[in-house]
Amino acid sequence: MNLAERFLKYVTFDTQSNDTTRITPSTAGQMVFAEYLKTELESLGLEDITLDEHAYLFATLPANTDKDIPVIGFIAHLDTSPDMTGENVSPHIVSNYDGKDIILCAEENIVLSPSQFPELLNHIGEDLIVTDGKTLLGADDKAGIAEIVSAVEYLKAHPEIKHGKIRIAFNPDEEIGEGAHRFDVEKFGCQWAYTIDGGEAGELEYENFNAASAKITFKGRNVHPGYAKGKMINSMLAANRFVAMLPSNETPEHTEDYEGFYHLADMAGGVEESTLTYIIRDHHLDKFKARKQEMDRLIGVINAEFGERTAALELRDQYYNMREKIESVMHVIDIARTAMEAVGVVPNVKPIRGGTDGAQLSFKGLPCPNIFTGGLNFHGRYEFIPVQSMEKAMCVIVKIVKLLNQ
Ligand SMILES: [Zn+2]
């Protein structure tokens, strides 16, 4: 099976995750897919293949040299986004793309157009795998799995390429933020690893947000409005005052690159009690801490103005920027960069404005930057992937393995 065929087989499995089931894997389809992959890895002759009850599938490509080479891993996730159905994915291949509109679904007039998605024009002449407009494609992250499996198959078929021990892992529930939680880093046993879960060819990521959530409860005092003078405390007005004191330009819609923000995600209330839910994001740890302190300071302002114990803040850290864990092992990034350049891919290092499984794994002791799959427009019906980009990702994996033996 070649790489594209392998990918097209994988997308037939419905592995959409679900953040309401509170179990791992969150959906049964992920285990069905993991079992299929386990059989495939067995037939490829990999070793130490384990699939646990939570759908974590690990395997080993043993070293074929006695040389002392670091054990590294490649990781991809089984699930697809809860944002769009992944049932009955029915892809087709647009061969030798001509730069024009691609009709995904004629009867519903769903068109993948370079006027909306100009990045299509970077792939003229390539073979694009697209959806029928009714589902997502699932290149996130079945392309990553196909690229890893094809890379180890290639290495198996080319014993003249000497390499150390390679570990691979496929995990469930990345899309609902649970992929790293039950990942047994010790059992995986690698010095470092790469998730193959990025977008456009060239993407290489080792920085993500530091993240916290903040819930603020405002207590009021309700009194008949006709007789309220000097007595009523309206918790909604206290909440409103709090919102107004935060910088209005430090919000998701006003920030990009390395700019952090406060995002008001939810507000609810009445006179007696109101709540605000924020998420706080910043790449810089010191600025991240300063944002949390600023919230605390503003609580003090509210309480001075509306009365002691009007406002109470609950802060909870969610995840941290993996850069902190990668900076001491920058050769991990350098090797990936060199591998890309060697196979003709221009590395594009950029900060993630979100989190990744790799960030959590990095803090669990497994440094884990992210490499491209080649797919674009993830999580929706306009998702597509050029076959040529998948081949590049596979070549990058093989090249990293080769570079380690030098
Ligand atoms: Zn993904």
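None of the values given here were measured: they were computed from a predicted structure.

To continue, consider the domain arrangement of the protein chain. With domains assigned, the protein chain is organised as domain 1 (3–207 + 322–404) and domain 2 (214–319). Placing a centre on the C-alpha atoms of domain 1 and another on those of domain 2 gives a separation of 39 Å. Taken together, the contacts link eight residues of domain 1 with nine residues of domain 2. Of the roughly 640 Å² buried at the junction of domain 1 and domain 2 (both faces included), carbon and sulfur atoms supply 52%. Broken down residue by residue, the surface that domain 1 buries against domain 2 is led by Glu207, Pro351 and Arg353, which jointly contribute 66%. On inspection of domain 1 and its partner domain 2, the count reaches zero salt bridges. Put simply, domain 1 and domain 2 have seven residue pairs in polar contact (both at pLDDT 80 or more) between them.

Okay, empty space enclosed by the protein next. If you roll a probe as big as a water molecule over the atoms, it shows you where there is empty space left. Evaluated as defined, the whole model comprises one cavity of 30 Å³ or more. By volume, the largest cavity amounts to about 40 Å³. Counting only elements with at least two residues in the lining of the largest cavity, the list comes to β3 (72–77) and β9 (192–198). Per-element tally for the lining of the largest cavity: the top contributor is β3, with three residues. Within the lining of the largest cavity, the residues separate by chemical class into two nonpolar, three polar and four charged.

Counted under the stated rule, the structure contains 13 salt bridges. The salt bridge involving Lys38 is made with Glu42; its shortest N-O contact spans 3.3 Å. Here the residue Lys38 and the residue Glu42 both occupy positions in helix α2 (residues 28–43), the gap between them amounting to four residues, near one helical turn. You can call Lys38 partly exposed: its relative accessible area is 26%. On the accessibility criterion, Glu42 (42% relative accessible area) is partly exposed. A salt bridge links Glu107 to Lys134, with the nearest nitrogen and oxygen atoms 3.5 Å apart. Taken as a pair, Glu107 in the loop between β5 (102–105) and β6 (110–112) and Lys134 in the loop between β7 (128–130) and α3 (139–157) lie far apart in primary sequence, 27 residues in all.

All right, on to the coordination of the zinc ion then. Protein coordination of the zinc ion is provided by His77 (NE2), Asp140 (OD), Asp197 (OD) and Asp197 (OD), with donor distances spanning 1.9 to 2.7 Å. Taken together, the four donor atoms coordinating the zinc ion and their angles of 52 to 149° define a geometry best described as irregular. Counting the intervening residues between successive donors of the zinc ion yields the motif H-x62-D-x56-D. In this pair, Asp140 is assigned in helix α3 and Asp197 in strand β9, connecting sequence segments 57 residues apart. Neither Asp140 nor Asp197 differs from the other in exposure class; each is buried.

Calculation notes
- Residues numbered from 1 in each chain as written.
- Predicted model: local features only at pLDDT ≥ 70, side-chain atom pairs only at ≥ 80, totals over all residues.
- Heavy atoms only, no water.
- Domains from an automatic or database assignment.
- Contact = heavy atoms within 4.5 Å.
- Buried area = accessible area lost by both parts, 1.4 Å probe.
- Salt bridge = Lys/Arg side-chain N within 4 Å of Asp/Glu carboxyl O.
- Polar contact = N/O pair within 3.5 Å; in protein donor to acceptor, adjacent residues only side chain to side chain.
- 1 Å grid on protein atoms, 1.4 Å probe; cavity = no way out; pocket = protein on both sides within 12 Å on 5 of 7 lines; lining within 4 Å.
- Points joined across faces, edges and corners; volume = space filled by probe spheres on them.
- Helix = DSSP H or I, 4+ residues; strand = E, 2+ residues; numbered from the N terminus.
- Nonpolar A, V, L, I, M, F, W, Y, C, P; charged D, E, K, R; others polar.
- Buried < 20%, exposed > 50% of the residue type's maximum accessible area, 1.4 Å probe, protein only.
- Donors = N, O, S within 2.8 Å, 3.2 Å for Na, K, Ca; no water.
- Tetrahedral: all angles 85-135°; square planar, octahedral: opposite > 155°, others 65-115°.

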